[in-house]
Amino acid sequence: MSKLVTIFGGSGFVGRYVARRMAKQGWRVRVAVRRPNEALFVRPYGVVGQVEPVLANLRDDASVAAAIKGADAVVNCVGILSERGRNRFDAVQVDGAGRVARLAAAEGVAQLVHLSAIGASADSLSDYARTKAEGEAAVLEAFPNAVILRPSIIFGTEDQFFNRFAGMTRFGPILPVVGADTMFQPVYVDDVAAAASAGALGDAAPGVYELGGPDVETFRALMQRMLQVIRRRRLIINVPFWIAGMMGWGLDLVQTLSGGLLHNGMLTRDQARQLRQDNVVAPGMRGFADLAITPMHMGAVLDEYLWPYRPGGQYAEIKESAGNLRV
């Protein structure tokens, strides 16, 4: 019988790419999510019955254990960028991560891959980065041979980075950014999935890998690159950190006072703190080269999914070509 992998968050941005890769390797794929009915799109990644979404909640032992039952490998892609309701950083990124590792070890799972993030540090002022580090510690305590992946900002068709800022260009001539000089090393989502698959297949040595693409640029430069791709001109304005902190505080307060009905999806205080730190691979860390993976350049991918934000959409290049014709 084919081997089985359980992917927590397997219908999410990164998880779906891991699911597709594992299915292509001939594995049975169990996509563990909170709402299986919303994850049915993963089924065509394999033959009939090969890829199946199942119910799982990282806050519940029984739910997690049931999803892991019989698995040969487990991949945990669950993480949150901001808190909402019962989805708190500690609950998801520390307790949830530790629970998956502990129950995977109890089940005798051979391989465990945990998705963390560059910048994870127990000393960080950011709750996101701090809980990522504490989650790593909880994983390694329960499952010492785990493979931990720390990607930089991830880009791809469904990303919430380039898509978000490209969408913002439709509303005015100014594009505000927080931390314009902060450095990033964007990594293509399918390259992260390739690394996760290597870990699940047992082709990666245990330990921590920091994943960054071949391009290292400031936040401002990334926005300039995005504007070139979507054929728009916008004035990029750097928002000082002290103003960003005040904005985040106000938006967080609105979410709190609304009982969570008005979710702060724009800018939180914690995100403002994160943006003070560069998001690049640290010197001496293991990375893609140690996994025999050559990461993709942004220039080879951004055109493929950002074209809808161009003034002419899919016809932008035709219009540009026609404009160059001489009568």
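Quick summary incoming for the structure in this document. Keep in mind the model is a prediction, meaning the values are calculated, not measured.

The rules we used
- Residues numbered from 1 in each chain as written.
- Predicted model: local features only at pLDDT ≥ 70, side-chain atom pairs only at ≥ 80, totals over all residues.
- Heavy atoms only, no water.
- Helix = DSSP H or I, 4+ residues; strand = E, 2+ residues; numbered from the N terminus.
- Rg over C-alpha atoms; globule rule 2.2 N^0.38 Å.
- Buried < 20%, exposed > 50% of the residue type's maximum accessible area, 1.4 Å probe, protein only.
- Contact = heavy atoms within 4.5 Å.
- 1 Å grid on protein atoms, 1.4 Å probe; cavity = no way out; pocket = protein on both sides within 12 Å on 5 of 7 lines; lining within 4 Å.
- Points joined across faces, edges and corners; volume = space filled by probe spheres on them.
- Nonpolar A, V, L, I, M, F, W, Y, C, P; charged D, E, K, R; others polar.
- Phe/Tyr/Trp six-rings, centres within 6.5 Å; stacked < 30°, edge-to-face > 60°.
- Lys NZ or Arg CZ within 6 Å of the ring centre and 35° of its normal.

## Remarks on the overall build of the protein
Part 1: Of regular secondary structure, the protein possesses eleven helices and 13 strands.
Part 2: Relative to the compact-globule value of 20 Å for 327 residues, the protein shows a C-alpha radius of gyration of 21 Å, a close match.
Part 3: With respect to the principal axes defined by its C-alpha atoms, the protein has extents near 70 × 50 × 40 Å.
Part 4: Going through the 327 residues of the protein one by one, you find that 50% of them count as buried.
Part 5: Of the contacts formed within the protein by residues at least 6 apart in sequence, a portion of 76% connects residues at least 24 apart.

## Some thoughts on the layout of surface pockets
Part 1: Roughly 380 Å³ of volume is contained in the second largest pocket.
Part 2: Lining the second largest pocket are 20 residues; nearest its centre among them are Glu83, Arg88, Asp252, Gln255 and Arg269.
Part 3: Elements that contribute at least two residues to the lining of the second largest pocket include exactly helix 8 (241–257) and helix 9 (269–274).
Part 4: At five residues, the largest contribution of residues to the lining of the second largest pocket is made by helix 8.
Part 5: A class-by-class count of the residues in the lining of the second largest pocket yields four nonpolar, eight polar and eight charged.

## Focus on the packing of aromatic side chains
Part 1: With the rule as written, the count across this model stands at nine aromatic pairs.
Part 2: A centroid spacing of 6.0 Å and a plane angle of 75° characterise the contact between Phe89 and Tyr128, whose relative ring orientation is edge-to-face. Of this pair, Phe89 sits in helix 3 (residues 89–107) while Tyr128 sits in helix 4 (residues 127–142), and the two are 39 residues apart along the sequence.
Part 3: The exposure class assigned to Phe89 is buried, which follows from its relative accessible area of 4%.
Part 4: Judged by relative accessible area, which is 13%, Tyr128 ranks as buried.
Part 5: Residues Phe155 and Phe162 carry aromatic rings whose centres are separated by 6.4 Å and whose planes lie at 80° to one another, so their mutual orientation is edge-to-face.
Part 6: Members of the aromatic cluster, connected to one another through ring pairs, are Phe155, Phe161, Phe162, Phe165, Phe184, Tyr188 and Phe219.
Part 7: Cation over ring: Arg20 sits above Tyr17, and NZ or CZ is 5.3 Å from the ring centre.

On their own, these measurements won't tell you what the molecule is for.
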